[in-house]
Amino acid sequence: MKIAIVCYPTFGGSGVVATELGLELARLGHEVHFITYSQPVRLALLNPNVHYHEVNVPEYPLFHYQPYELALSSKLVDMVKLYKIEVLHVHYAIPHAYAGYMAKQMLKDEGIEIPMITTLHGTDITLVGNHPHYKPAVSFSINKSDVVTSVSQSLKDDTYKLFKIKRDIHVIPNFIELDKNREFNGPCQRSLIAKKDERIITHISNFRKVKRIPDIIRIFHKIQQQIPAKLLMVGDGPEKEKAELLCQELGILEKVIFFGNSNEIDKILSNSDLFLLPSETESFGLAALEAMAWGVPVISSNSGGLPEVNFDGISGYLSNVGNIDEMAENALKILKEDDVLCQFKENALSVAKKFDIKLILPLYIDIYEKAIKKYAKKSNKQLTKPESE
Ligand code: GMT
């Protein structure tokens, strides 16, 4: 198949999912075209089936806001025609589904019909898309998609609650590549980060308010009062500076390492003993799943789709949003004894196996194939219409 993937190229979960999906499809022999405004952070281009087309928005003094949707929809039209792309898969409704729909209409005008799959990722529904300024456009473009998928049951329920959606939403959970090289864990790596007796606790995100960064610092503050520990804070965003100040205020700055955005996520996770994700809301929690794939148990809130990923008492523990006392207690339950930690690590990995890319990818392939077939039938019908019509 020839598939166009539209996504955000940044460190956010939706871009990571889109990139990993595209790369795996390319490995299976499909031709994949990434269309976005800069090269996705996890995109390795050393595969003849992987193409990357950059969307450029020319500056013009009249534009107070750059018309990205316009440039994206035009780029989609051009690439579909040039590469004979058969299906559009847009990740994150805003503005991708909207631009995708416009591209479909422009193509239709030229006699080319192509299906569009929209994958909802979370904040496009629960935070941004729900804003009255965007809501009508988001509802419209979801309803105009040929197939809609969401990354968790919880996100599907939220979408029906928040928008007037007239079509089925297929739940296809996020996934993880379990077969990749997971070899570089070792004592010398670990000793660069922490002392021998210290537990390593990690958080990875875009440091937005929704991640409740101060809760992470306060949970760690309680943990390190009981056991020797280090906190690794990976990522960057609006809450980072406040977090650094809070660490200073609590007198724990020397026990916390702020890495900023990193391409060494695997190395960091391979050396971690616990992952913290106390988010206000999380449609899935890909970062938690990535940790679990490295055998790292998770202490998280129980909001959104997190209970579908982190199994309470098995791969970690879940608590109500903001209950930092319980989160710290649960973290200590896992971290205090080596044998308990070992059991949780094993459990985290076995839960992660349920989200193996090998199990999830066929669900997307099935959707693409059915959509392409449906459109082929449609255009055959049009071709064979009697002349009198
Ligand atoms: O979590 C973020 O702020 C990034 C955001 C994104 O759109 O990239 O993540 C959302 O999509 C991820 C991939 O499907 C999910 O794992 C995250 O849970 C979801 N974030 C929220 O719902 C807050």
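Before reading further, recall that the structure is shown in the block above.
Residues numbered from 1 in each chain as written. Predicted model: local features only at pLDDT ≥ 70, side-chain atom pairs only at ≥ 80, totals over all residues. Heavy atoms only, no water.

Concerning the pattern of salt bridges
Where charged atoms from two side chains of opposite charge approach closely, those side chains can pair.
Here is step 1: If you walk through the whole model with that rule in mind, you get 20 salt bridges.
Here is step 2: We note a salt bridge from Arg 212 to Asp 215, for which the minimum N-O separation is 2.7 Å.
Here is step 3: Its relative accessible area of 23% is what places Arg 212 among the partly exposed residues.
Here is step 4: Salt bridges sharing partners connect three or more residues here, namely Glu 24, Arg 27 and Glu 177. (Salt bridge = Lys/Arg side-chain N within 4 Å of Asp/Glu carboxyl O. Buried < 20%, exposed > 50% of the residue type's maximum accessible area, 1.4 Å probe, protein only.)

Some remarks on the layout of surface pockets
In this approach the atoms are scanned with a rolling probe the size of a water molecule, which exposes any empty space left behind.
Here is step 1: The space that makes up the second largest pocket amounts to roughly 280 Å³.
Here is step 2: Lining the second largest pocket we find 14 residues, and of these Tyr 8, Glu 69, Ile 94, Pro 95 and Tyr 134 sit closest to its centre.
Here is step 3: For the lining of the second largest pocket, the elements supplying multiple residues, two or more each, are helix H2 (68-83) and helix H5 (135-144).
Here is step 4: The biggest single contributor to the lining of the second largest pocket is H5, with three residues.
Here is step 5: Its residues assigned to classes, the lining of the second largest pocket comprises twelve nonpolar, one polar and one charged. (1 Å grid on protein atoms, 1.4 Å probe; cavity = no way out; pocket = protein on both sides within 12 Å on 5 of 7 lines; lining within 4 Å. Points joined across faces, edges and corners; volume = space filled by probe spheres on them. Helix = DSSP H or I, 4+ residues; strand = E, 2+ residues; numbered from the N terminus. Nonpolar A, V, L, I, M, F, W, Y, C, P; charged D, E, K, R; others polar.)

What to know about the packing of helix H3 (residues 96-109) against H5
Here is step 1: Closest axis-to-axis distance for the H3/H5 pair is 9 Å, and the angle between their directions is 55°. Classified by the interaxial angle, the pair formed by H3 and H5 is oblique. The element H3 and its partner H5 pack so that their crossing is left-handed. Along its contact with H3, which presents Ala 97, Tyr 98 and Tyr 101, the element H5 presents Ala 137, Phe 140, Ser 141 and Lys 144.
Here is step 2: The residue makeup of the contact of H3 with H5, split by class, is five nonpolar, one polar and one charged. (Axes fitted to C-alpha atoms, helices over the stretch in contact; angles between N-to-C directions. Parallel < 35°, antiparallel > 145°, perpendicular 65-115°, else oblique. Left-handed = near helix turned anticlockwise from the far one by under 90°. Contact = heavy atoms within 4.5 Å.)

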